[in-house]
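Fold and contact review
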Amino acid sequence: MSDSPRGVRLGVDVGQVRIGVSRSDPHGVLATPLVTLAREQNPRSDAVPSDVAELAALVAEHEAVEVVVGLPVNLAGKHGPAAEHVKAYARQLAGVINPVPVTLTDERMSTVVASRRLAERGVRGKRQRAVVDQAAAVEILQSWLDAQRRRTQ
């Protein structure tokens, strides 16, 4: 990663109810699950939602140099309502964690892939729902890290 600084990156899977968070090692090689945050359902318009504040605290705690947010692009490559929702969330997060950059990346199928991988390992039902958001955040961040490495090789 010649053009980006070394350091920990956080991967974020923004859902309506939960937010999955993953982190990379400082060398940008491997993404691992970190935590699932509950999404604040009715935040006051004049206040930072608790989940955004928790994410900002994680950025500070892990000294993250970048946050990679999965953008749900539909299979035709279009941005629907879910993508607009995630873009608004990313803008709000960027305002809170500035100057740490927030990068959007195509997360098509990340939750499907994460669910399949968990099922292959025998993790199903309630246990899967508890960790699928973190697993999706790992898929998002890992594919982004891999793409960065391919770009600089």
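To start, this report covers the structure provided alongside it. Model, not experiment: these values are computed from the prediction. (Residues numbered from 1 in each chain as written. Predicted model: local features only at pLDDT ≥ 70, side-chain atom pairs only at ≥ 80, totals over all residues. Heavy atoms only, no water.)

Examining the overall build of the protein
When helices and strands are counted, the protein shows four helices and five strands. Seen in sequence order, the protein has helices and strands lined up from the N terminus as β-β-β-α-β-α-β-α-α. Counting all 153 residues of the protein, 42% fall into the buried class. Here the analysis covers contacts within the protein between residues at least 6 apart in sequence; of these, 64% occur between residues at least 24 apart. Carbon and sulfur atoms make up 54% of the accessible area of the protein, which totals about 8200 Å². (Helix = DSSP H or I, 4+ residues; strand = E, 2+ residues; numbered from the N terminus. Buried < 20%, exposed > 50% of the residue type's maximum accessible area, 1.4 Å probe, protein only. Contact = heavy atoms within 4.5 Å. Areas by Shrake-Rupley, 256 points an atom, 1.4 Å probe, with all protein chains shown as cover.)

Section: the packing of helix 1 (residues 50–61) against helix 2 (residues 81–97)
Closest axis-to-axis distance for the helix 1/helix 2 pair is 10 Å, and the angle between their directions is 50°. In terms of axis orientation, helix 1 runs oblique to helix 2. The two elements helix 1 and helix 2 meet at a crossing, and its hand is right-handed. Only Tyr89, Gln92, Leu93, Val96 and Ile97 of helix 2 make contact with helix 1, whose side of the interface consists of Asp51, Val52, Leu55, Ala56 and Val59. Residues belonging to the contact of helix 1 with helix 2 are distributed by class as follows: eight nonpolar, one polar and one charged. (Axes fitted to C-alpha atoms, helices over the stretch in contact; angles between N-to-C directions. Parallel < 35°, antiparallel > 145°, perpendicular 65-115°, else oblique. Left-handed = near helix turned anticlockwise from the far one by under 90°. Nonpolar A, V, L, I, M, F, W, Y, C, P; charged D, E, K, R; others polar.)

Overview of the side chain of serine 22
The residue serine 22 is located in strand 2 (residues 18–24) in this model. For serine 22, the side chain forms a polar contact with the main-chain oxygen of alanine 137, separated by 2.9 Å. Setting aside anything within four residues of it in sequence, one finds serine 22 in contact with Arg9, Leu10, Gly11, Thr32, Pro33, Leu34, Gln134, Ala137, Val138 and Leu141. (Polar contact = N/O pair within 3.5 Å; in protein donor to acceptor, adjacent residues only side chain to side chain.)

Thoughts on unusual backbone geometry
Working note: non-glycine residues mostly have negative phi, and peptide bonds are mostly trans. The omega torsion of the bond from asparagine 98 to proline 99 falls at 15°, within 30 degrees of zero and hence cis. Looking at where proline 99 falls in the secondary structure, it is placed in the loop between helix 2 and strand 5 (102–106). For glutamate 63, which is not a glycine, the phi torsion comes out positive at approximately 50°. Along the chain, the position of glutamate 63 falls in the loop between helix 1 and strand 4 (66–71).

Regarding the pairing of strand 4
Where burial is concerned, most of strand 4 is hidden: six out of the six residues are buried. Residues of strand 4 alternate between two faces, with Glu66, Val68 and Gly70 on one and Val67, Val69 and Leu71 on the opposite face, all of them buried. Direction of pairing for strand 1 (residues 9–14) relative to strand 4: parallel, over a ladder of four bridges. Each residue of the ladder has a partner; that of leucine 10, found in strand 4, is valine 67. As paired strands, strand 4 and strand 5 are joined by five bridges and run parallel to one another. Bridging from a neighbouring strand, valine 67 pairs with valine 102 of strand 5. (Pairing = 2+ DSSP bridges.)

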